[in-house]
Amino acid sequence: MSMQIFEKLEKEEISLAPFAKRVLAYSIDEIIVTFLFLIIYWDAFLSITTYDEARNLTLNFFWQIITLKVVYHTFFVWYYGASPGQMITKITCINIDILDKPNLVSSLVRAVFRSASEACMYLGFAWALANPARQTWQDKIARTVVVNA
């Protein structure tokens, strides 16, 4: 399968994004999502006075954080082919069948499995280190690759 991906990308003169760029893009996106989350729930965070309150608030907002991440990544990858972090680092996500940005369903699947990978101690991201096409779990399942823009 990886050889077919390489042949297809090479034919179109498309190069895979380096892992370092993907890590930087991931970090930028996490900062943006965290900032958005803090803005949305600012009042709740202002009322925290103890560690226990902070822990309970975080546990109560678990599904809101996951939902925000899924919506954020689904929208940007579907609409632009890249999240803001990917845009800044000049990389993009493409469907391996059509070599264009993923459709809405593929973007949603990718975003959901991205969150699942995070929940599994980032094993899905580590998978990309041993994968010749640098595909994470979410890339494999959504049939995407991340390439230089």
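The preceding data block contains the structure.
To keep things clear, this report deals only with the structure shown in the data block. (Residues numbered from 1 in each chain as written. Predicted model: local features only at pLDDT ≥ 70, side-chain atom pairs only at ≥ 80, totals over all residues. Heavy atoms only, no water.)

The terminal C-alpha atoms of helix α5 (residues 62-80), which comprises 19 residues, lie 27 Å apart, in line with the 27 Å expected from a rise of 1.5 Å per residue. Gly81 sits one or two residues past α5 and shows a positive phi near 85°. (Helix = DSSP H or I, 4+ residues; strand = E, 2+ residues; numbered from the N terminus. Expected span 1.5 Å × (residues − 1).)

For the rest of this paragraph, the subject is the nonpolar core. Listed in full, the 8 residues of the largest apolar core are Ile5, Leu9, Leu16, Ile94, Ile96, Ala133, Val145 and Val147. Elements with a minimum of two residues in this core: α1 (2-11) and β2 (144-148). With residues up to four places along the chain from it excluded, the contact list for Val147 reads Leu9, Ile14, Ser15, Leu16, Ala17, Ile91, Thr92 and Ile94. Counting 6 residues, the second largest nonpolar core, distinct from the first, contains Val33, Phe37, Phe61 and Leu68. (Core = buried A, V, L, I, M, F, W, Y, C linked by side-chain atoms within 4.5 Å. Buried < 20%, exposed > 50% of the residue type's maximum accessible area, 1.4 Å probe, protein only. Contact = heavy atoms within 4.5 Å.)

The subject of this paragraph is the packing of α5 against helix α7 (residues 104-119). Taken N-terminus to C-terminus, the directions of α5 and α7 make an angle of 140°; their axes are 8 Å apart at the nearest point. Relative to α7, the element α5 is oriented oblique. As for how α5 packs across α7, the hand of that crossing is right-handed. Contacts between α5 and α7 pair Ile66, Lys69, Val70, His73, Thr74, Val77 and Trp78 from the former with Leu104, Ser107, Leu108, Arg110, Ala111, Val112, Arg114, Ser115 and Glu118 from the latter. Per-class residue counts for the contact of α5 with α7 are 8 nonpolar, 4 polar and 4 charged. (Axes fitted to C-alpha atoms, helices over the stretch in contact; angles between N-to-C directions. Parallel < 35°, antiparallel > 145°, perpendicular 65-115°, else oblique. Left-handed = near helix turned anticlockwise from the far one by under 90°. Nonpolar A, V, L, I, M, F, W, Y, C, P; charged D, E, K, R; others polar.)

A word on α7. Taking 1.5 Å per residue as the helical rise, α7 with its 16 residues ought to reach 22 Å, and the 23 Å between its terminal C-alpha atoms agrees with that figure. Of all the residues in α7, the buried ones are Ser106, Ser107, Arg110, Ala111, Arg114, Ser115, Ser117 and Glu118. With a side-chain oxygen positioned 3.2 Å from the backbone nitrogen of Val105, the residue opening α7 is Asn103. Immediately downstream of α7, the backbone of Met121 shows phi near 55°, a positive value. (Polar contact = N/O pair within 3.5 Å; in protein donor to acceptor, adjacent residues only side chain to side chain.)

This next bit is on the pattern of salt bridges. Tallied over the entire structure, the rule returns 8 salt bridges. One salt bridge in this structure joins Arg143 and Asp97, with 2.5 Å as the shortest N-O distance. Here Arg143 is found in the loop between α9 (137-142) and β2, whereas its partner Asp97 is found in the loop between β1 (91-95) and α7, with 46 residues between them in sequence. For Asp97, a relative accessible area of 42% puts it in the partly exposed group. The salt bridge involving Asp139 is made with Arg110; its shortest N-O contact spans 2.9 Å. With Asp139 in helix α9 and Arg110 in helix α7, this residue pair connects regions lying 29 residues apart in the sequence. One continuous salt-bridge network, built from bridges that share partners, spans Glu30, Lys69, Arg114 and Glu118. (Salt bridge = Lys/Arg side-chain N within 4 Å of Asp/Glu carboxyl O.)

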